[in-house]
Amino acid sequence: MIRGLPATRNVYRTLTNTSRVLNVEKSNVNNNVSIPSVSTTHFGSKTVPTAEKSKMVGHVFSSVASKYDIMNDIMSLGIHRLWKSHFINKLDPGKRPNSMEPLNFIDVAGGSGDIAFGILDYAKAKHGDAVSTMDVVDINPEMLKEGEKRALDMGRYFKDPRVRYIIQNAEVLDKIEDNSKDVYTVSFGIRNFTDIQAGLNTAYRVLKPGGIFYCLEFSQINNQVMDLLYQQWAKVLPVFGSIVANDYDSYQYLVESIERFPNQEKFKSMIEKAGFQSAGYESLTSGICAIHWGIKA
Ligand SMILES: C[S@@+](CC[C@H](N)C(=O)[O-])C[C@H]1O[C@@H](n2cnc3c(N)ncnc32)[C@H](O)[C@@H]1O
C-alpha cells in the first residue's frame, strides 16, 4: 500500500485480504524522610509536571481550533497541503476490488479532518471504495468539532455511518479494540503526545497483524540553507499567531514542540521499539517534515 516500500506479505495481506496522573514518585531522603517528587516532561522549551502537559496542549489547540486551517496555511506557506497530499498518495489507501471486506482506518489527532477526509476521498476516487470505515480521534473536543463542521460544509462524512468522531487520548485509545484497524494515520499530532512511546505502543495494539502505522510529522532539516531560512521563519511565526489568532504563546509552543521532536533515525527506532517491522521514512522538503511507517508483524 505504501509506494516505494517492498511489497511484504503483510502489506499485501492488508491491501487485499483485509477482508476481514499525577505521577508522584516517592524518593527517600536521609533514609527516614520521604518527600514526593513530581515527574516532569517538556512543553515546548519549558519543563512541566507530566500530568499537566495534556491539559496545556489541550489549551493550545482549544485556542487555535477556530483559526487552525488558516494558520496552517500561513505557517507553512500552504505547503502543508502538498505534504498531506503526497502522504495520502504514497499510502494509496482503499479497498481493492478483489477484496471482500472494507478496510478500517483510524486517523489519530485527526483535528480538522484533513487526513481522514482525504483518505476517504482518495479511496473512493482511486479504488471505488465507498465502504471502508474511518475513526477520527482527537483528545480535543473543539478540534474534533472543527472536523465535523468541515464535514457538514463539504456535504460528506457528517452523520455518515462509516465515520465516527471519537474524543480519546491517543496514548490510551481505550474505546478502540485490539487488532481492529488496518491503517493507523497520525499527521502533525504525535509530537504533542505526553508520552510518544506510549502512543506508538497503542498504535501497535489497535492495528491488525499486517496493519500499517503511517505518520507525518515535523523532523530534522538536512540542508544548511533551508535550516537557516527555517530558523528565521520560526522566529516570526508566533508574531503571525498573535496577529491572526491573537495568540502568541500557543504558536510559540508549536515552534518549540517542533524543535524538540526526535529526528528521523531516532523516531524510526521508537517505531521499531513499539514492535513494528519494515520501519522506514521519507524526508520531505529537506527534512522539514517526514513520513514514517511501520508494519505490525
Ligand atoms: C497540529 S494538529 C494536527 C491536526 C491534523 N491531524 C492535521 O494534520 O492538520 C494536532 C492535533 O493533535 C491533537 N492531540 C494532541 N495530543 C493528543 C493526544 N494525546 N491524543 C489525541 N490527540 C492529540 C490536538 O488536539 C490537535 O488536534
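Keep in mind that what you see is a predicted model, and the values were worked out from it rather than measured. (Residues numbered from 1 in each chain as written. Predicted model: local features only at pLDDT ≥ 70, side-chain atom pairs only at ≥ 80, totals over all residues.)

Some details on the overall build of the protein chain
- In terms of helices and strands, the protein chain carries 10 helices and 11 strands.
- Within the protein chain, the proportion of its 297 residues that are buried is 38%. (Helix = DSSP H or I, 4+ residues; strand = E, 2+ residues; numbered from the N terminus. Buried ≥ 20, exposed ≤ 12 C-beta atoms within 10 Å, placed from the backbone.)

Observations concerning the sheet that holds strand β7 (residues 163-167)
- With mixed pairing, 7 strands are arranged side by side in an open sheet as β7-β6-β5-β8-β9-β11-β10. For this open sheet the edge positions go to β7 and β10 (276-284), each flanked by a neighbour on one side alone. On average, adjacent strands in this sheet sit at an angle of 15° to one another, irrespective of strand direction.
- Together, β6 (133-138) and β7 form the strand contacts of helix α6 (residues 141-154), whose direction differs from that of β7 by roughly 165°.
- Helix-sheet contacts for helix α7 (residues 196-206) involve β5 (104-108), β8 (181-187), β9 (207-218), β10 and β11 (289-296), and the interaxial angle to β9 is about 145°. (Pairing = 2+ DSSP bridges. Axes fitted to C-alpha atoms, helices over the stretch in contact; angles between N-to-C directions. Contact = placed C-beta atoms within 7 Å.)

A few points about the site of the ligand
- With respect to spatial proximity, 22 residues lie near the ligand, and among them A109, G111, N140, A170 and S187 are the closest.
- Counting residues per element, the ones that place at least two in the shell around the ligand are α2 (50-64) and α5 (114-127).
- Here the element with the most residues in the shell around the ligand is α2; it accounts for 3 residues.
- Among the residues forming the shell around the ligand, the class breakdown is 10 nonpolar, 9 polar and 3 charged. (Near = placed C-beta within 6 Å. Nonpolar A, V, L, I, M, F, W, Y, C, P; charged D, E, K, R; others polar.)

Considerations on the nonpolar core
- Among the nonpolar cores identified, the biggest contains 67 residues, and I119, Y184, A203, F213 and Y214 are the most heavily contacted of them.
- Contacts of Y184, omitting those with residues within four sequence positions, involve I106, V108, A203, V206, L207, G211, F213 and Y214. (Core = buried A, V, L, I, M, F, W, Y, C linked by C-beta atoms within 7 Å.)

Focus on the pairing of β7
- Bridge analysis of β6 against β7 gives 5 bridges, and the strand direction is parallel. If you follow D135 over to β7, its bridge partner there is R164.
- Since β6 and β7 lie parallel, the crossover through α6 that links them has a hand, and here it is right-handed. (Right-handed = clockwise from strand over helix to strand, strands pointing away.)

Considering the packing of α7 against helix α10 (residues 264-273)
- It is at 9 Å that the axes of α7 and α10 come closest, and there the two elements cross at 45°. With respect to α10, the element α7 is oriented oblique. The way α7 lies across α10 gives a crossing that is right-handed. Here I196, Q197 and L200 of α7 lie close against α10, whose contacting residues are M270, I271 and K273. (Parallel < 35°, antiparallel > 145°, perpendicular 65-115°, else oblique. Left-handed = near helix turned anticlockwise from the far one by under 90°.)

A look at the environment of M226
- Mapped onto the elements, M226 comes out in helix α8 (residues 224-245).
- A C-alpha to C-alpha distance of 7.0 Å links M226 and S286, two positions 60 residues apart in sequence.
- Not counting the four nearest positions on each side in its chain, M226 is found in contact with I221 and S286.

Comments concerning the environment of V136
- When you line up the elements, V136 lands in strand β6.
- Its 26 C-beta neighbours within 10 Å are what place V136 among the buried residues.
- The spatial distance from the C-alpha of V136 to the C-alpha of F105 is 8.7 Å, given a sequence separation of 31 residues.
- Excluding residues that lie within four positions of it along the chain, V136 makes contacts with D107, G110, G113, A116, L144, G147, V163 and Y165.

Brief notes about the packing of α8 against helix α9 (residues 248-260)
- Running from N to C, α8 and α9 cross one another at 150°; their axes reach a closest spacing of 7 Å. Judged on the interaxial angle alone, α9 and α8 are roughly antiparallel. Between α8 and α9 lies a crossing of right-handed hand. Contacts between α8 and α9 involve A234, L237, P238, G241 and S242 from the former and Y248, S250, Y251, Q252 and V255 from the latter.
- For the contact of α8 with α9, the per-class residue count stands at 6 nonpolar, 4 polar and no charged.

A word on the pairing of β10
- Direction of pairing for β10 relative to β11: antiparallel, over a ladder of 7 bridges. In the strand pairing of β11, G280 is matched with W293.

Brief notes about the environment of I196
- You can see I196 is positioned in helix α7.
- A sequence separation of 65 residues divides I196 from F261, and the C-alpha atoms of the two residues are 9.7 Å apart.
- With residues near it in sequence (within four places) discarded, I196 still touches I190 and M270.

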